[in-house]
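# Working through the structure, step by step
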2 protein chains.
Amino acid sequence: MNVAHLLLGRRLANAESGARKIGAFEGVPAMGLDAISSIAYGPEAALAILMPLGAAALLPAAWLLMPIIGLLLLLYASYWQTIRAYPGNGGAYAVARANLGAHASLLAATALMIDYILNVAVGISAGVAALVSALPMLHPYILPLCLGILFLLTIINLRGTEFSGRVLALPTYLYLVCFFVIIALGAWRAIHAGAHPHAVVAPTQLKSTAQAVSIWLLLRAFAAGCTAMTGVEAVSNSMSAFRDPQVRYGHRTLSFIVIVLALLLAGVAWLIPAYRIGAMDQTQSGYRSVLSQLAGAVLGQGAFYFVAMAALLCVLTLSANTSFVAFPRLCRNVAEDGYLPEGFAQAGRRLTYSLGMLFLAGCAALLLLVFRGITDRLIPLFAIGAFLGFTLSQLAMTVHWRRCLRQVRGSRALLRKLRLGVNAIGAIVTAVALAIIVVAKFIEGAWIVVIAIPATIFLLQRLHRYYLEVERRTAGFEAVDTRDTQSPVVLVAIERWDKPAMKALEFGLRISDCVIALHLSRLHGPESEEHQEKLRRHWREYVEDPTRASELPTPQLRIGEARYRTLHEPILRTVHEIESEQPRRRVAVLIPQLVKQHWWQQPLHTHRARTLRRHLLKCADPRLTVVSVPWYLEPKPRH
Amino acid sequence: MNVAHLLLGRRLANAESGARKIGAFEGVPAMGLDAISSIAYGPEAALAILMPLGAAALLPAAWLLMPIIGLLLLLYASYWQTIRAYPGNGGAYAVARANLGAHASLLAATALMIDYILNVAVGISAGVAALVSALPMLHPYILPLCLGILFLLTIINLRGTEFSGRVLALPTYLYLVCFFVIIALGAWRAIHAGAHPHAVVAPTQLKSTAQAVSIWLLLRAFAAGCTAMTGVEAVSNSMSAFRDPQVRYGHRTLSFIVIVLALLLAGVAWLIPAYRIGAMDQTQSGYRSVLSQLAGAVLGQGAFYFVAMAALLCVLTLSANTSFVAFPRLCRNVAEDGYLPEGFAQAGRRLTYSLGMLFLAGCAALLLLVFRGITDRLIPLFAIGAFLGFTLSQLAMTVHWRRCLRQVRGSRALLRKLRLGVNAIGAIVTAVALAIIVVAKFIEGAWIVVIAIPATIFLLQRLHRYYLEVERRTAGFEAVDTRDTQSPVVLVAIERWDKPAMKALEFGLRISDCVIALHLSRLHGPESEEHQEKLRRHWREYVEDPTRASELPTPQLRIGEARYRTLHEPILRTVHEIESEQPRRRVAVLIPQLVKQHWWQQPLHTHRARTLRRHLLKCADPRLTVVSVPWYLEPKPRH
């Protein structure tokens, strides 16, 4: 318990949940790292696809970032509306459930869950890969580093979202300041130096032998650049983390994240052609990322450059935090609707949904272990989940506005038509982007998601059916049976006459007027007879004589044989004998149980009581109740 | 359960134990493989130490085997007597316990346990090493092969000693026939051809540049050769496996094993100088073992040679079986005296001591995994355990005969004096051998055993003290308390009014006239009030009205708050309230529990009932009994 206390802090009371809610200042680091850090790889992914074009790629790439920014703003408008219309958490899942039905909502939930799990593995391993390429002596420790960061993020988030927001605030805001300075300085120089400013450290030389630009190439580059948008939906999934007024803080956090991301993307789009920065081949030695080239070109490789790069590295590595905030809350919503085990909906020690976090960490750890910390091959997979979520959420909002339109007229109708239009366009554009991503990356691994999503949905539906069945069977609007309240026949399983057996027998005498003790011998021959004789003597002396003297009903001692060394078979035989002798009475089997009060006692005893209890329960006889009567080596009496 | 049935066969009844006992035919393969297979490495180990002497080593090596054979016969005489004097299993442990006291017996037990565990790891990996040197394409699979054979041996032995004896009979007797033929043929040729018979396949050329023979070298070679003797004590530890008359079958098995081993050793001692066979360096390519050279020299490398080598390989690999027979029985004796967990003394499904076998297999698997299947470095360790066992057992027998001597006079006294002499000489010689082994191999790893043995003894003694304490506290020769048999106050923990809650309440009404239902809310605000209102309505309708109508005591509904989401704290508070209100009554907390009847249901529920039960038991209040009232989704009524 002390370990849990040290790592996670004290258990929080329900009443404290208000004080643990966050505002926009903590919200941006807690939920926004995935989105904000994506300028590190979004533009680079687009440029990498255009690499065969050489220097001719720079302008198309820059122009390509414009529709991406446009799509981002469309998503922004859409999620702004979603947050207001469905402030109660859940994002795409809740919206789809309300407007498109259970199937579509499960599709959205599954897509997002897969997206979040992959985001943790990919985020951490991408960060560690960047760290290792900066400090090559760390190369043998890729996997331990990944798992260590995963452990750290898990602990930080188990302590509470508010804690994680405050811990991550420093690197997040440092990173933002650095890159705004770089972009502002670069832009100022670009304006003053005309078309091509002087680069302090020259970026890579671009080949001028250019291929022709094809539509398919541009579409693929667009789809690749779209990865910059993942994580934008996280705020809508994590609304319950905000303090009142929730919607206002949600809107502030979302606005800050999207505007910052859009400005950074626009800045990069402007400076790439200005400084003639292209993507380099990652597999070649001397590789430098686009952002590193840009920072070098603007600043040179001085102290500020290293601070900016360190902050970028930090933010990249910790971008998995978004999943830790959004995933457990998404799972809670799904679990509350009965599609996931109910444990996902239970608040843990620190009022977070611990099971969801641990499940997320477990899945990510498994992915990291299987891929030994190098998860490049997972990258194509995880944009699919995000875009499926985007599309469904916008589609659902479209339906939502259409439904609203039927109810109002006049100027408010016009506003809603506008909103409908925004969401409809958003749905179409994200659907197209999704289609491009799936087609372009199908062979690279997108097919895995195409299999995993239906399989997960199938599982969730089976779970739901199971819970419905449990509910149907347990729910009972019946009155208690008052006709028959006769005490049960009590059967006490004893091995010898000792204190645990005595306590069980005394409990039996308190709850019933018909107590039978059953001794099962596993011994043979003379040894067994001697043991039985001793027990009979004890029984007469310590049980029969005192009860007779007090004119109580005298418990009966039966002796049986455990021919196969398992105790439950002969006990069940006796139970069925009693049940047929006295068909109206219930039977309670009392098992004296020595309670192990220390962990190290577990392997030192045979757990006979536990095994017996399990076997008796397994027979599922509704007339039988199994009672373990606890006996303590070290009792702690209260009075 | 079907898997267990397939692998291990049906559960045996206690009454069948007689039919599962073995005679000498199964006893030799089951217990003797360790001893019999040791001619494969005992003489080789001695020759390897004498290797620097070159050809001059052959005669000393041959003569060195003579005192080893002498010592073997001494041990034979000693164990023959031990079996007769202590037929009830236990070997060195039982003899030392009876004659030297608890400390010496624990030393003997620990030494033997360590010896047996190491024997499994070393036996299997030596066999696999020989297999791999014969079939080099198996080299990448050393560890899986080792673990596979370990698994196989575990299963065979879990099925019963008699089964393992019958399975191993074929390779054992085939091996014996082959090597007796080789030695007989070799001896016949040696006699007819004079001093140096013609070798069919020439053994390695021995260098003639000879060092001087030193006493220390001879002593080390003697100590190394002594490894041929390990496993001789196994019969005395496994006596309970034999059918009646136990002593006779034990004597027969021991005699067969020792005489066969002595004859083989003598044959090898004769033929080594005759065919001029020396040890080769194992690390060099083209290495051939001494037995392989001998077989080649006598037979040539025809079909018979390969059959003999295959049988040798089989026997070497399966020599670990000796440990599987002796270790669990040794542990059972130690456990029955209260120095090991009682599970070691319980007969399992097939009437074998399964826990001991599984523990042995687990330890050996751990050693194989840690050393990745190459356990050469463990070899020096395991002779120490065996020789410590030999020494203690003979010492104990010496004390035994001295005690007997005090009681008799005349010719029987002379016989006992003779026996005393045999054991005393045996004790001295094995002690000297032990000292040589420890000194010679201290740095190579013997120090590990010198640390491990006292540590294990310490642990066993702590266990014993714990069990004594448990016995002291549980043993109670008191009469049941008949003054106070008032029914306990029943507290039913309910979440809502459903069938499990109803069943628990009905059980409460059957066992007590004072039933209180406690509902703990973990919800907040209006939602919580609505839930409580509903529960109160149900309570009035389904509980209060019917009980009042039937003039039964009306159960009371209390509603509390689980401020920290853990249920046990508010329940314990209520329990202590009741305990102080009614200081003479016991309290029983009834927890409705949905019994999971399928394994896949485990992760789908929250185990709230189990957690609550565990927490309530942890408070160790002797007046409190915790009763889980089972409720079944799929009841199987008997009538």
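Residues numbered from 1 in each chain as written. Chains lettered and ligands numbered in written order. Predicted model: local features only at pLDDT ≥ 70, side-chain atom pairs only at ≥ 80, totals over all residues.

### Comments concerning the overall build of chain A
- Tallying secondary structure elements over chain A gives 21 helices and five strands in all.
- Relative to the globule expectation of 26 Å for 639 residues, the C-alpha radius of gyration of chain A, 33 Å, shows a markedly less compact shape.
- Along the three orthogonal principal directions, the C-alpha set of chain A runs to about 115 × 65 × 50 Å.
- The proportion of buried residues among the 639 residues of chain A is 48%.
- A fraction of 80% describes how many contacts in chain A between residues 6 or more apart in sequence connect residues 24 or more apart. (Helix = DSSP H or I, 4+ residues; strand = E, 2+ residues; numbered from the N terminus. Rg over C-alpha atoms; globule rule 2.2 N^0.38 Å. Buried ≥ 20, exposed ≤ 12 C-beta atoms within 10 Å, placed from the backbone. Contact = placed C-beta atoms within 7 Å.)

### Some details on the relation of the copies chain B and chain A
- Mapping chain B onto chain A calls for a screw motion: a turn of 180° about the axis and a shift of 0.0 Å along it, with 0.1 Å RMSD after fitting. Considering both components of the superposition, the chain copies are consistent with a two-fold axis. (Least-squares fit on C-alpha atoms with pLDDT ≥ 70 in both.)

### Concerning the domain arrangement of chain A
- Its domain assignment divides chain A into domain 1 (2–11 + 24–469) and domain 2 (489–632).
- Just the C-alpha atoms count here: the centres of domain 1 of chain A and domain 2 of chain A sit 62 Å apart. (Domains from an automatic or database assignment.)

### A closer look at the interface of chain B and chain A
- Contacts between the two partners involve 73 residues from chain B and, on the opposite side, 73 residues from chain A.
- Of the residues forming the side of chain B that touches chain A, the biggest block, nine residues, is contributed by helix α18 (residues 499–511) of chain B.
- Residues of the side of chain B that touches chain A, tallied by class, amount to 38 nonpolar, 17 polar and 18 charged. (Nonpolar A, V, L, I, M, F, W, Y, C, P; charged D, E, K, R; others polar.)

### Thoughts on the nonpolar core
- Residues A:Ala61, A:Ile68, A:Leu72, A:Leu265, A:Leu294 and A:Leu360 are the most contacted members of the largest nonpolar core, which totals 160 residues.
- Examining the composition of this core, we find that 18 residues originate from one element, helix α6 (residues 102–134) of chain A, more than from any other.
- Every residue in contact with A:Ala61, bar those within four places of it in the chain, is listed here: A:Ala46, A:Leu47, A:Leu50, A:Ala221 and A:Ile272.
- Grouped together as the second largest cluster of nonpolar side chains are 159 residues, B:Ala92, B:Val128, B:Val258 and B:Ala335 included. (Core = buried A, V, L, I, M, F, W, Y, C linked by C-beta atoms within 7 Å.)

### Focus: unusual backbone geometry
All names here are of chain A.
- The amide bond that connects Asp244 to the next residue, Pro245, takes the cis arrangement and shows omega of -10°.
- Structurally, Pro245 is set in the loop between α10 (234–237) and α11 (246–275).
- For Arg276, which is not a glycine, the phi torsion comes out positive at approximately 55°.
- Within the secondary structure, Arg276 is located in the loop between α11 and α12 (290–299).
- By the C-beta count within 10 Å, which is 18 here, Arg276 ends up partly exposed.

### Details of the pairing of strand β2 (residues 515–521) of chain B
All names here are of chain B.
- The element β2 is largely enclosed, with a buried count of five among its seven residues.
- Taken together, the five bridges between strand β1 (residues 489–494) and β2 define a ladder with parallel strand orientation. Pairing of Leu491 across the sheet is with Ile516, part of β2.
- Each parallel crossover has a hand, and the one from β1 via α18 to β2 is right-handed. (Pairing = 2+ DSSP bridges. Right-handed = clockwise from strand over helix to strand, strands pointing away.)

### A few points about helix α8 (residues 161–192) of chain B
Residues and elements named next belong to chain B.
- In this model α8 runs 45 Å from its N-terminal to its C-terminal C-alpha over 32 residues, within 8% of the 46 Å that 1.5 Å per residue would give.
- By the largest-angle criterion, Ala169 marks the main kink of α8, which is about 45°, and a proline, Pro171, follows within four residues.
- Trailing α8 by a residue or two, Gly194 shows a phi angle of about 80°, which is positive. (Expected span 1.5 Å × (residues − 1). Bend = angle between axes of the 7 residues up to and from the residue.)

### A closer look at the environment of B:Thr430
Residues and elements named next belong to chain B.
- By secondary structure assignment, the location of Thr430 is in helix α17 (residues 411–474).
- Along the sequence, Thr430 and Ile257 sit 173 residues apart, while their C-alpha atoms lie 19 Å from each other.
- In this view, Thr430 contacts Phe387, Phe390, Thr391 and Gln394; residues no more than four positions away in its chain are not counted.

### Things to note about the packing of helix α2 (residues 24–36) of chain A against helix α14 (residues 321–336) of chain A
Residues and elements named next belong to chain A.
- Running from N to C, α2 and α14 cross one another at 115°; their axes reach a closest spacing of 7 Å. For α2 against α14, the interelement crossing comes out left-handed. On α14, the residues touching Ala30, Met31, Leu33 and Asp34 of α2 are Asn321, Thr322, Val325 and Ala326.
- For the contact of α2 with α14, a count of residues per class yields five nonpolar, two polar and one charged. (Axes fitted to C-alpha atoms, helices over the stretch in contact; angles between N-to-C directions. Left-handed = near helix turned anticlockwise from the far one by under 90°.)

### Quick notes on helix α7 (residues 142–158) of chain B
Residue and element names in this part refer to chain B.
- Taking 1.5 Å per residue, 17 residues should reach 24 Å; α7 reaches 24 Å between its end C-alpha atoms and fits that length.
- For α7, the set of buried residues is Leu145, Cys146, Ile149, Leu150, Leu153, Thr154, Ile156, Asn157 and Leu158.
- The inward-facing, buried residues of α7 contact α1 (2–8), α6 (102–134), α8, α13 (303–318), α14 (321–336) and α15 (354–370).
- Of the residues trailing α7, Gly160 is marked for its positive phi of about 130°.

### What about the sheet that holds strand β4 (residues 587–595) of chain B?
All names here are of chain B.
- Reading across the sheet, the five strands line up as β3-β2-β1-β4-β5 and stay open at both edges, with parallel pairing between neighbours. Strands at the two margins of the open sheet, each flanked by one partner only, are β3 (556–561) and β5 (624–632). Between one strand axis and the next, the sheet turns through 30° on average, direction left out of account.

### So, the sheet that holds strand β5 (residues 624–632) of chain A
Residues and elements named next belong to chain A.
- What the five strands build is an open sheet, ordered β3-β2-β1-β4-β5; its pairing is parallel. Each edge of the open sheet is held by one strand with a lone partner, namely β3 (556–561) and β5. The average angle at which neighbouring strand axes cross in this sheet is 30°, direction not considered.

### Here we look at the pairing of strand β4 (residues 587–595) of chain A
Residue and element names in this part refer to chain A.
- Here β4 lies mainly inside the structure; eight of its nine residues are buried.
- Relative to β4, strand β1 (residues 489–494) runs parallel, the two being bridged by four bridges. Among the inter-strand pairings, Leu491 is bridged to a residue of β4, identified as Val589.
- Looking at chain direction, β4 and β5 are connected through nine bridges and run parallel. Bridge pairing links Val595 to Tyr632 in β5.
- Taken together, β4, helix α21 (residues 608–618) and β5 form a β-α-β motif whose crossover is right-handed.

### Remarks on the packing of α7(B) against α15(B)
All names here are of chain B.
- Packing of α7 against α15 leaves a shortest axis separation of 10 Å and a crossing angle of 175°. As judged from the angle between their axes, α7 and α15 are roughly antiparallel. Between α7 and α15, the residues in contact are Leu143, Cys146, Leu147, Leu150, Thr154, Asn157 and Leu158 and Ser354, Met357, Ala361, Ala364, Ala365 and Leu368, respectively.
- Within the contact of α7 with α15, the residues separate by chemical class into ten nonpolar, three polar and no charged. (Parallel < 35°, antiparallel > 145°, perpendicular 65-115°, else oblique.)

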